[in-house]
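Fold and geometry: a report
The primary structure of each chain is shown beneath.
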Amino acid sequence: MSLDFFVSHYNYWVVIFLMMVGFYILISRGNLIKKIVGLNVFQTSVFMLYISMGKITGGTPPILVGDGHGGEAMEHVVYSNPLPHVLILTAIVVGIATTSVGLALAVRIKEAYGTLEEDEINRIEALVEASE
Amino acid sequence: MREEIIVRVGAKILTPFIIMFALYVHFHGDYSPGGGFQAGVILTAAFALLALVYGLAAVQRVLPPWFTRLCAALGVVIYGGVGVVTMLLGHNYLGYDALAQDPKYGQHYGILLVELGVLVTVFGVMASVFYLFAGRGRSES
Amino acid sequence: MSIVVDIVLLTLLAVAGIALLRIRNLFAVVMLAGIYSLLSAGLFTVMDAVDVAFTEAAVGAGISTVLFLGALALAGHHENRPGHTPLLPLIVVSVTGLALVYGTIDMPGFGGADNPVHHHVADHYLEESPNEIDIPNVVTAVLASYRGYDTWGEVTVVFAAAVGVMLLLMGGRRSRAAAGDHGQAGADGQADGAGHR
C-alpha cells in the first residue's frame, strides 16, 4: 500500500471511522440525549463524505472569478464541484430541525418517566404492564 | 448572568451588528458565501444571545412567540407563492424566467424572493423551537 | 499544503469523536459536540465548501449547542454507565466499518479532477450558470434555481419539524405537577401522555 494511496483515501477512512463512532454511540449507549449526539456525529460524517467527493486538488470555491463571462481570467481557474455543497447545505439545516424534534421527544419522555435511560424506561414499562 | 454589567452591555452592543450581519449574509448571498439558511440561523442567534443575557420575557416582548410561528409559516407561503405566480404567468412551477422581460433579471428576482422565503422560515422555525425549549418549565415553577 | 491541514483536522475530528464516546457528563458532551462541529466547519473550508462551512459553523456550533443545553436543563445531564457489555455493538460496528473500508478501495482518489462525480451536471452548472442565471455564487444559483424544487422540499421539512416540536412541547405539564407523586412515575407518565392528546 503506497503512501499516495493512503493519502488519497485517508479522508474516506476517517469518515468511516467517525461514522462508526456515531453508530456505536447510537447502539451501545442507553441515554437518549447521548444517542442523539451519536446520530449527529454520524450525520456530520456523511456530510464530510459528500464534501470530500466534491473537492478538486488545486481548485477554488465555486464562486465565479471575474465577471463570470469568460475572458482570460476564467480559463485558468478550477472550481470544486458545487453540487455536493448544495445538497449538504440544505441537509445541515434539515438535520438541526430533526434533531430538535428528537430533543423534544427526549424532554417529553423525561417528564413522563422521570428518566432518560433506556433500560430504566423498559423496567417502568414492564412494571406498568405487570400491574395491569 | 443578569447582574454581569459587562455581559449585559456587550450583548446590547453586539446585537444590532449580528442582525446587520445576518442581513448582509442574506442579501450578499449571490456574490459570496451565504444565503437564506445561514442568515436565518444568525438572526436567531442574535435573539438567543439577548434571551440568555436579559431573560426570555424581555426578548418575548420584542419578538413575541406568535410572530415567530407566523414567520415559520409565512416563509413557506412566500416560497410556494413564487412558484404559483410563475405558473400563473405561463411558465413552469418555480420557473423564474417569467418574472421579468430578461430571463436573467427574472432569475435574480426569483432567487431573491425564494431566499427571502427560506430566511423567514428558518428564522421562524429556529426561534420558535428555541422559545419552546427555553420557556418550558419556567412558567410553571 | 492543504492536504496536511486536511489530515490534521481529520485526525483531530477522530480524537473528538473518541472523547464524545467516552465522556459521561452530558454538558461536556454537548460542548465537545460544538467543538466537533467547528472542526468540521474548518475541514469544509479546506475542502472549498465555504457555504457549507458557514452553515455548519452557525448551525452546528451555534444553534444546535443552545438547543442541546436547553434540553439538558429540562432533562438532566447525567448519563448512567451502560449496563450490558459492549461486545455485541463492537462486533456490529467493526464488521460494518470493515465492509465500508473494503468499499472505499475501489473509489477514485481524493481530489482527482477526472473523478466521475465531476462530469455529469456539475460541468453544466459551472459553465452555463453565467449565461443562464448570471450570479457569481454557483452554490446559490444551484440551490435556488436549478434545484428549486429540492430546496422547496427542504423548507417544508424544516417547517414540519417545527410543527412537530410545537405539538410535543406546547402542552405544558400541569397534569404531572398535579399528580405530584414521583414514586409512580411510570403510571403517571402514561396518564400524562394520554391526557395531553
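Residues numbered from 1 in each chain as written. Chains lettered and ligands numbered in written order. Predicted model: local features only at pLDDT ≥ 70, side-chain atom pairs only at ≥ 80, totals over all residues. Heavy atoms only, no water.

**Re the overall build of chain B**
- Along its length, chain B carries 5 helices and 0 strands.
- Seen in sequence order, chain B has helices and strands lined up from the N terminus as α-α-α-α-α.
- A globule of 141 residues ought to have a C-alpha radius of gyration of about 14 Å, yet chain B, at 18 Å, is considerably larger.
- Along the first, second and third principal axes, the C-alpha set of chain B runs to 60 × 30 × 20 Å.
- The contacts in chain B between residues at least 6 apart in sequence include a share of 61% that link residues at least 24 apart.
- Entry remark: accessible area of chain B is about 6800 Å², with carbon and sulfur atoms responsible for 70%.
- Between the mean site of the 8 positive side-chain charges and the mean site of the 7 negative ones, chain B shows a separation of 14 Å. (Helix = DSSP H or I, 4+ residues; strand = E, 2+ residues; numbered from the N terminus. Rg over C-alpha atoms; globule rule 2.2 N^0.38 Å. Contact = heavy atoms within 4.5 Å. Areas by Shrake-Rupley, 256 points an atom, 1.4 Å probe, with all protein chains shown as cover. Lys, Arg positive; Asp, Glu negative; His and termini not counted. Charge placed at Lys NZ, Arg CZ, Asp CG, Glu CD.)

**As for the packing of helix 2 (residues 36–54) of chain B against helix 5 (residues 103–135) of chain B**
Residues and elements named next belong to chain B.
- The interhelical angle for the contact between helix 2 and helix 5, taken along N-to-C directions, is 30°, at an axis separation of 7 Å. As for the relative orientation of helix 2 and helix 5, their crossing is right-handed in sense. Where helix 2 approaches helix 5, its residues G36, F37, A39, G40, V41, L43, T44, F47, A48 and A51 are matched on the opposing element by E115, V118, L119, V122, F123, M126, A127 and F130.
- The residue inventory of the contact of helix 2 with helix 5, partitioned by class, reads 14 nonpolar, 3 polar and 1 charged. (Axes fitted to C-alpha atoms, helices over the stretch in contact; angles between N-to-C directions. Left-handed = near helix turned anticlockwise from the far one by under 90°. Nonpolar A, V, L, I, M, F, W, Y, C, P; charged D, E, K, R; others polar.)

**Topic: the domain arrangement of chain C**
- The domain architecture assigned to chain C consists of domain 1 (1–78) and domain 2 (119–183).
- If you average the C-alpha positions of domain 1 of chain C and of domain 2 of chain C, the two centres end up 21 Å apart. (Domains from an automatic or database assignment.)

**So, the nonpolar core**
- Counting residues in hydrophobic clusters, the biggest one holds 129 residues, and the most contacted among them are I33 of chain A, F133 of chain B together with L20 and F44 of chain C.
- With 16 residues, the top contributor of residues to this core is helix 5 of chain B.
- Three or more residues apiece are contributed to this core by two domains, here domain 1 (1–78) and domain 2 (119–183) of chain C. (Core = buried A, V, L, I, M, F, W, Y, C linked by side-chain atoms within 4.5 Å. Buried < 20%, exposed > 50% of the residue type's maximum accessible area, 1.4 Å probe, protein only.)

**Considering helix 2 (residues 26–46) of chain C**
Residue and element names in this part refer to chain C.
- Under the 1.5 Å per step criterion, the end-to-end length of helix 2 is 30 Å for 21 residues, consistent within 8% with the ideal 30 Å.
- N-capping of helix 2 is provided by N25, with a side-chain oxygen placed 3.0 Å from the backbone N of F27.
- Downstream of helix 2 by one or two residues, D48 has phi in the positive range, about 70°. (Expected span 1.5 Å × (residues − 1). Polar contact = N/O pair within 3.5 Å; in protein donor to acceptor, adjacent residues only side chain to side chain.)

**A short note on the interface of chain A and chain C**
- On the side of chain C, 95 residues touch chain A, which itself brings 82 residues to the contact.
- For the chain A face of the interface with chain C, the top three residues by lost area are Y24, K55 and R108 of chain A, together amounting to 8%.
- Between D48 of chain C and K55 of chain A there is a salt bridge, and its shortest N-O distance comes to 3.2 Å.
- Where chain A meets chain C, there are 18 residue pairs in polar contact (both at pLDDT 80 or more).
- For the side of chain A that touches chain C, the elements supplying multiple residues, two or more each, are helix 1 (3–28), helix 2 (32–54), helix 4 (82–113) and helix 5 (118–131) of chain A.
- Take the side of chain A that touches chain C: its biggest share by element is 26 residues, from helix 4 of chain A.
- The residue inventory of the side of chain A that touches chain C, partitioned by class, reads 51 nonpolar, 21 polar and 10 charged. (Buried area = accessible area lost by both parts, 1.4 Å probe. Salt bridge = Lys/Arg side-chain N within 4 Å of Asp/Glu carboxyl O.)

**Remarks on the interface of chain B and chain C**
- Facing 41 residues of chain B, the contacting portion of chain C comprises 40 residues.
- The junction of chain B with chain C conceals about 3900 Å² of combined surface from both sides, 76% of it contributed by carbon and sulfur atoms.
- It is L132, F133 and R136 of chain B in chain B that bury the most area against chain C; as a group they hold 18% of the surface buried on that side.
- Summed over the shared surface of chain B and chain C, the result is 0 salt bridges.
- Linking chain B with chain C are 14 residue pairs in polar contact (both at pLDDT 80 or more), by the criterion used here.
- Among the secondary structure elements, those contributing two or more residues to the side of chain B that touches chain C are helix 1 (5–27), helix 2, helix 4 (65–88) and helix 5 of chain B.

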